[in-house]
Amino acid sequence: VGHCHPDVVKAAHEQSQLLNTNSRYLHDNLVDYAERLSQTLPEKLCVFYLLNSGSEANDLALRLARQYTKHEDVIVLDHAYHGHLTSLIDISPYKFRSLEGQKEWVHVAPVPDTYRGLYREDHEDSVTAYANEVKTIIEQAQERGRKIAAFIVESLPSVGGQIIPPAGYFQKVAEHVHKAGGVFIADEIQVGFGRVGKHFWAFQLQGEDFVPDIVTMGKPIGNGHPIGCVATTKEIAEAFAATGVEYFNTFGGNPVSCAVGLAVLDVIEKEDLQAHATEVGNFLMKLLKEQKVKHPIIGDVRGSGLFIGVDLIK
C-alpha cells in the first residue's frame, strides 16, 4: 500500500500507545482481523494462525500437513523458494542445490512453464502433461514405500521466473495429491493481497472451483510490518490440535500487528488497489510488449496485475 502509508502508521502508533502484549492474552484485534481476512477467502478456509513472517507460515503449514496426513514427504516445484528456516531450505531447490542437496523426503516436479519448460505453448495439453509429472513422482515415491504429506507451490512461482501456471493445473495436481492422501498448500507470500489484479488471491486465477487446503501469507500482509498467517480448514486444524501440543507464538497475532493488518486491508479496499494493480499492470505489459516488437532479446512478456516477467533470450 506504499511506503509509510499514513493509515497504517496511525494504526500502529495508536495501538502501540494502548497495549502490545504477547498472544497468551486475549485481545479483540486478533479476532477482528481473522474475521476480516476470512471474508477474502473461500468459506472452507476458516481457521487462522497468526505469526511473524512468511517463513514461519510455511514452516507451520508443513507441520499441519504432516500432522493431518500422518505422512512425511513433500513435493515442490523446481527453482522454488519457500523461506529461510531449515525446514524450508530443505524444500527450496533454489537454495538446497547450493547447500546440502536434496533430502530423501523431498520430490521436485518441473515448473509448469509454457514458455521455457518441458511442455510449451505448442503442446496439445500442457496442463495435463505437467500435472502427470506430479502423478508420476507420487507413484515412484509410493513404490519406494514413501507417503506424500503435501504439494507446496507459490500460486505464481516468482524466484522460478515469474511463471503463470496454466489454468486448471492446480485442480489436476490437487486431484493426484489428494488421492495420495496429501494436502495442497498455496504459498501466497509474494503474490497475495490483490497484487494479481483480477483476484485478491493468486490461486483464484486457476478458477473458482479451486480451493487449496492451506494458504500461507507474509510480506504484503503487514506492508513492511512483520506479520504472517496460515489459513486452513477446520479438519486440518482439529487434527493438529488433537496432539495436545497447542501452537503458540509469542508475538504472532499481537494487538499492534493485527491493527496494522486491519489498516492494510482498509487501504486496499478504500483506495481500490486491486483494480489499480490491474490497470497499471496492463499498461506496463502493453509497453513491454511494444518493446518486444523492437528488441529480439525480449522472448516473452507475461504477467497478471503487478506480477510481471520479462524473459530475455539470446
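- Looking up the protein chain in an unreviewed UniProt entry gives the name AT2L2 lyase, with the organism given as Rhinopomastus cyanomelas.
- The annotation that UniProt attaches to the protein chain under Cofactor (unreviewed entry) is "pyridoxal 5'-phosphate".
- Entered under Sequence similarities (unreviewed entry) in the UniProt record, the comment concerning the protein chain runs "Belongs to the class-III pyridoxal-phosphate-dependent aminotransferase family."

**Examining the overall build of the protein chain**
Okay, step 1: Per the secondary structure count, the protein chain includes 10 helices and nine strands.
Okay, step 2: Taking 20 Å as the expected radius of gyration for a compact globule of 314 residues, we find that the protein chain reaches 20 Å, a close match to that expectation.
Okay, step 3: With respect to the three principal axes, the spread of C-alpha positions in the protein chain is 60 × 55 × 40 Å.
Okay, step 4: Each of the 314 residues in the protein chain was classed as buried or not, and the buried ones make up 51%.
Okay, step 5: Sequence-distant contacts in the protein chain: of pairs separated by 6 or more residues, those separated by 24 or more amount to 72%.
Okay, step 6: Within the structure as shown, the protein chain displays about 15000 Å² of accessible surface, and the carbon and sulfur contribution to it stands at 52%.
Okay, step 7: Distance between charge centroids for the protein chain: 5 Å, based on 29 positive and 40 negative side chains.

**Observations concerning the side chain of Asp 300**
Okay, step 1: Relative to the assigned elements, Asp 300 resides in strand S8 (residues 298-304).
Okay, step 2: Residue Asp 300 is classed as buried on the basis of its relative accessible area of 11%.
Okay, step 3: Ignoring sequence-local partners within four residues, the contact set of Asp 300 consists of Tyr 115, Lys 292, Gly 309, Val 310 and Asp 311.

**Details of the environment of Tyr 81**
Okay, step 1: Take Tyr 81: it is sitting in the loop between strand S2 (73-77) and helix H4 (86-89).
Okay, step 2: Discounting residues that sit within four places of it in the chain, Tyr 81 has contacts with Ser 92, Tyr 94, Lys 95, Glu 154, Val 159 and Asp 187.

**Points about the pattern of salt bridges**
Okay, step 1: Tallied over the full model, the rule gives 18 salt bridges.
Okay, step 2: Across the salt bridge formed by Lys 44 and Asp 213, the nearest N and O atoms sit 3.6 Å from each other. Of the two residues, Lys 44 is situated in the loop between helix H2 (28-38) and strand S1 (47-51) and Asp 213 in the loop between strand S5 (183-187) and strand S6 (214-217); the sequence distance between them amounts to 169 residues.
Okay, step 3: On the accessibility criterion, Lys 44 (38% relative accessible area) is partly exposed.

Thresholds applied
- Counting starts from 1 at the beginning of each chain's written sequence and moves along it residue by residue.
- Only residues with pLDDT of 70 or above have their local features reported here, since the model is predicted, and side-chain atom pairs are shown and tallied only from 80 upward, although totals for entire chains, interfaces and linings are computed over all residues.
- As a rule here, side-chain values cover all heavy atoms of the structure and leave hydrogens and water aside.
- UniProt positions are given in the numbering used here, feature names are shortened, and annotations may be inferred rather than shown by experiment.
- To qualify as a helix, a DSSP run of H or I must reach at least 4 residues; to qualify as a strand, a run of E must reach at least 2; elements of each kind are numbered from the N terminus.
- Each radius of gyration is computed over the set of C-alpha atoms, and the globule rule expresses the reference value as 2.2 Å times the number of residues to the power 0.38.
- Exposure is judged per residue with a 1.4 Å probe applied to protein chains only, and the accessible area is read against the type maximum: over 50% gives exposed, under 20% gives buried, and values in between give partly exposed.
- Any two residues whose heavy atoms approach within 4.5 Å are treated as being in contact.
- Computed with a 1.4 Å probe, the accessible areas rest on the Shrake-Rupley method; for each residue, only the protein chains presented here act as cover.
- The sign given to each residue is positive for Lys and Arg and negative for Asp and Glu; His and the chain ends receive no count.
- For charged residues, the charge sits on one atom: NZ in Lys, CZ in Arg, CG in Asp, CD in Glu.
- Here a salt bridge means any side-chain nitrogen of Lys or Arg lying within 4 Å of a carboxyl oxygen belonging to Asp or Glu.

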